[in-house]
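Observations on the three-dimensional arrangement
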Amino acid sequence: MADRTKLVAGNWKMNGLRADGVALAGELARRARAGEGVGGLCCGLLLCPPATLLAAVGDAVAGSGIALGGQDCHSAPKGAFTGDISAEMLADSGCTYVILGHSERRQGHGETDAEIRAKIAAAGRAGLNPILCVGETQQQRQAGEATAVVSAQLAGSIPDNFARDGLIVAYEPVWAIGTGLSATLDDIAQMHAAIRAHVAPDARILYGGSVNPTNAGAILALADVDGALIGGASLDPDSCWAIARCCG
Ligand code: PEP
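Residues numbered from 1 in each chain as written. Predicted model: local features only at pLDDT ≥ 70, side-chain atom pairs only at ≥ 80, totals over all residues. Heavy atoms only, no water.

1. What to know about helix α1 (residues 18–33)
Convention followed: Elements are defined by DSSP. Helices are runs of H or I of four residues or more, strands are runs of E of two residues or more, and each kind is numbered from the N terminus. Here the expected length of a helix is defined as 1.5 Å per residue gap, with one fewer gap than residues. The buried label applies to any residue whose accessible area, calculated with a 1.4 Å probe on protein chains only, is under 20% of its type's maximum; exposed applies above 50%, and partly exposed to all values in between. Note that the arc is computed from the directions linking the helix axis to the C-beta atoms.
With 16 residues, α1 extends 21 Å between its outermost C-alpha atoms, agreeing within 8% with the 22 Å of an ideal straight helix rising 1.5 Å per residue. The set of residues buried in α1 consists of Gly21, Leu24, Ala25, Leu28, Ala29, Arg31 and Ala32. Axial view of α1: buried residues confined to an arc of 160°, hence all on one face. Exposed side of α1, more than 90 degrees from the buried face: Arg18, Ala19 and Ala23 are the residues found there. Directly beyond the C-terminal end of α1, a positive phi value near 85° is found at glycine 35.

In structure tokens, the structure reads:
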């Protein structure tokens, strides 16, 4: 049975050189080790830095309880795929999670549900916990298609034989990412309940989209919200920590 302990995952995207990344991760690790700890936070904390910083961030958080994740992976274990990284390589670098199907990958790199499905299978093969991102555009929401779009993304990207209680889903309305706009509590609750019908009862469902220390408490208190995927706020240790503390 999967554990629905809340998870706060920081997606650093393409941000951070070595000095910034180590300072940010080091500060979070310092707080975790100093008894403000991850245990005391009542949630898991996950950092997903750029691939160039995995080793340095892994060293900075070692022994703190903070987990390390990748932002994407290739579906093949190895081969002639210039610029790509396999799930096995992420695991070998100390990752235990990988974000897959982020809207910036779907939109900027043309990723399809079928490709994301193969990547989820790859993550499972390498022993990583995949975080599958789904979410509708503003146009789709305005057309009343949000639930249908998200349901189709789930149906198209979860492998048939995947142990679905190992899967984490992140509901991220595309229009809320990096915009300062967040979905209403009602919309989040409704969508998370709809997602729950597609996954195992104990699978974690995160919300992402302009989560900040001010709105995090109310979002994280919703029954079917098992954590947050945070972008911008994850680059500031105080904001990241404050959001994690909202888990209870
Ligand atoms: C994200 O990129 O997954 C995200 C939620 O970003 P932000 O928190 O900046 O909206």
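2. Topic: unusual backbone geometry
One non-glycine residue, lysine 13, adopts positive backbone phi at about 55°. As for its position among the elements, lysine 13 is in the loop between β1 (6–11) and α1. Here serine 210, not a glycine, exhibits a phi torsion of approximately 55°, which is positive. Mapped onto the elements, serine 210 comes out in the loop between β7 (204–208) and α10 (216–220).

3. Side note on the environment of leucine 45
Following the sequence through the fold, leucine 45 ends up in strand β2 (residues 43–48). Along the chain, leucine 45 and lysine 6 lie 39 residues apart, while their C-alpha atoms are 8.8 Å from each other.

4. A short note on the pattern of salt bridges
Note the following rule: What counts as a salt bridge is simple: a side-chain nitrogen of Lys or Arg found within 4 Å of a carboxyl oxygen of Asp or Glu.
Within the structure shown, the criterion is met by 17 salt bridges. Between arginine 105 and glutamate 111 there is a salt bridge, with its nearest N and O atoms 3.1 Å apart. Note that arginine 141 is salt-bridged to glutamate 136, the shortest N-O span being 2.7 Å. Given a relative accessible area of 0%, glutamate 136 falls into the buried group.

5. Structural notes on the site of the ligand
Spelled out, the test is: What makes a residue near a molecule or strand is one non-hydrogen atom of that residue sitting within 4 Å of it. Pairs of N or O atoms are called polar contacts if they sit within 3.5 Å, as long as, within protein, a hydrogen donor faces a hydrogen acceptor (for residues adjacent in sequence, only side-chain-to-side-chain pairs). Using a 1.4 Å probe, accessible areas were evaluated by the Shrake-Rupley method; residue-level cover was limited to the displayed protein chains. In this classification, Asp, Glu, Lys and Arg are treated as charged, Ala, Val, Leu, Ile, Met, Phe, Trp, Tyr, Cys and Pro as nonpolar, and every other residue, Gly included, as polar.
Near the ligand lie 14 residues; those nearest to it are Lys13, Glu172, Gly178, Ser210 and Gly231. Taking glycine 178, its main chain carries an N or O atom lying 2.7 Å from an oxygen atom of the ligand. Taking serine 210, its main chain carries an N or O atom lying 2.8 Å from an oxygen atom of the ligand. A total of 290 Å² of accessible area belongs to the ligand in isolation, and the protein chains cover 96% of it. In terms of residue class, the shell around the ligand is built from 4 nonpolar, 8 polar and 2 charged.

Read these as geometric descriptors, not functional statements.
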